[in-house]
Amino acid sequence: NGYNLNGTRIVVEEARPKDDAKLPISGTRLYIGKIPTMMKKHDLIQAFAPFGDVVELNMKDDFAFLEYSNVASAYKAYQEMNGAKLGGSRIVVQEAKPKAGERSKYKLRSVLNCIRVILLQTSNSDSSRGHGQAGE
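Note that the structure is predicted; figures quoted are calculated from it, not measured. Positions within a chain are numbered from 1, following the residues in the order the chain's sequence is written. At least 70 in pLDDT is required for a residue's local features to be given in this predicted model, at least 80 for side-chain atom pairs to be given and counted, and no such filter applies to totals for whole chains, interfaces and linings, which use all residues. Neither water nor hydrogens contribute to the side-chain values; these are computed over all heavy atoms in the structure.

Observations regarding the overall build of the chain
Helix and strand assignments come from DSSP, with helices taken as H or I runs of at least 4 residues and strands as E runs of at least 2, each series counted from the N terminus. On a plain count of helices and strands, the chain comes out with 3 helices and 8 strands. Secondary structure of the chain in N-to-C order comes out as β-β-β-α-β-β-α-β-β-β-α. Note on exposure labels: buried denotes an accessible area under 20% of the residue type's maximum, exposed denotes more than 50%, and partly exposed covers the range between, all computed with a 1.4 Å probe on protein chains only. Counting over 136 residues, the chain shows a buried share of 24%. Residues are treated as being in contact if the distance between any of their heavy atoms lies within 4.5 Å. Taking the contacts inside the chain whose residues are at least 6 apart along the sequence as the reference set, 64% of them involve residues at least 24 apart. Calculation of accessible area relied on Shrake-Rupley with a 1.4 Å probe; when residues are assessed, cover is drawn exclusively from the protein chains displayed. Of the accessible surface of the chain, which amounts to about 9,600 Å², a share of 50% is contributed by carbon and sulfur atoms.

Structural notes on the packing of aromatic side chains
How two aromatic rings sit relative to each other is given by the distance of their centres and the angle of their planes. A pair of aromatic rings is counted whenever rings of Phe, Tyr or Trp (Trp by its six-membered ring) have centres within 6.5 Å, and the orientation is called stacked for planes under 30 degrees apart, edge-to-face for over 60 and tilted otherwise. As enumerated under the stated definition, the model contains 3 aromatic pairs in all. An aromatic cluster of three or more residues is present, and its members are Tyr-31, Phe-63 and Phe-65.

Overview of helix 2 (residues 71-81)
Within the sequence span of helix 2, burial applies to Ser-73, Ala-74, Ala-77 and Met-81. One side of helix 2 carries all its buried residues, which in axial view fall inside an arc of 100°. Among the structural elements, strand 3 (29-33), helix 1 (41-48), strand 5 (63-68), strand 6 (85-86) and strand 8 (92-95) are those in contact with the buried residues of helix 2. N or O atoms within 3.5 Å of each other form a polar contact, as long as, within protein, one can give a hydrogen and the other can take it, and as long as residues adjacent in sequence are counted only when both atoms are side-chain atoms. Among the residues of helix 2, the N-terminal cap falls to Asn-70, whose side-chain oxygen and the backbone nitrogen of Ala-72 are separated by 3.2 Å. Looking one or two residues past helix 2, Gly-83 carries a phi angle of roughly 85°, positive in sign. Think of it as the arc spanned by the lines of direction from the helix axis to the C-beta atoms.

What about the environment of Gln-79?
Within the element layout of this structure, Gln-79 appears in helix 2. Looking at Gln-79, the relative accessible area reads 45%, which means it is partly exposed. Sequence separation between Gln-79 and Pro-24 is 55 residues, and the spatial gap between their C-alpha atoms is 9.4 Å.

Structure follows, in structure tokens:
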């Protein structure tokens, strides 16, 4: 953020499409909290599998991080399971925060992609200006 390109400062911020702006879930990874201590990994997978393909589950004492193969599955699980009773306790389901380093990698990729687009547009603009002038 704040890179200079041809004397212009470029600021890149994370954005969401308008359709997704109101959704509480925009990623595939969920945080599940207040899990009863008697719950095992296979119990949690069984409870969340009806919403889609579970890619990964990292379970700690009373919380877990669960990842689906797509956002739609994560959103369905969030809608149905946040506040639901599981093993006698009401669980909390939220979108997980990015893993350490993921956010900065994503931002860097976004900046580089923007710079590529600007350079391509500049290159195409420069080459289109030269057409038709050779015979003049």
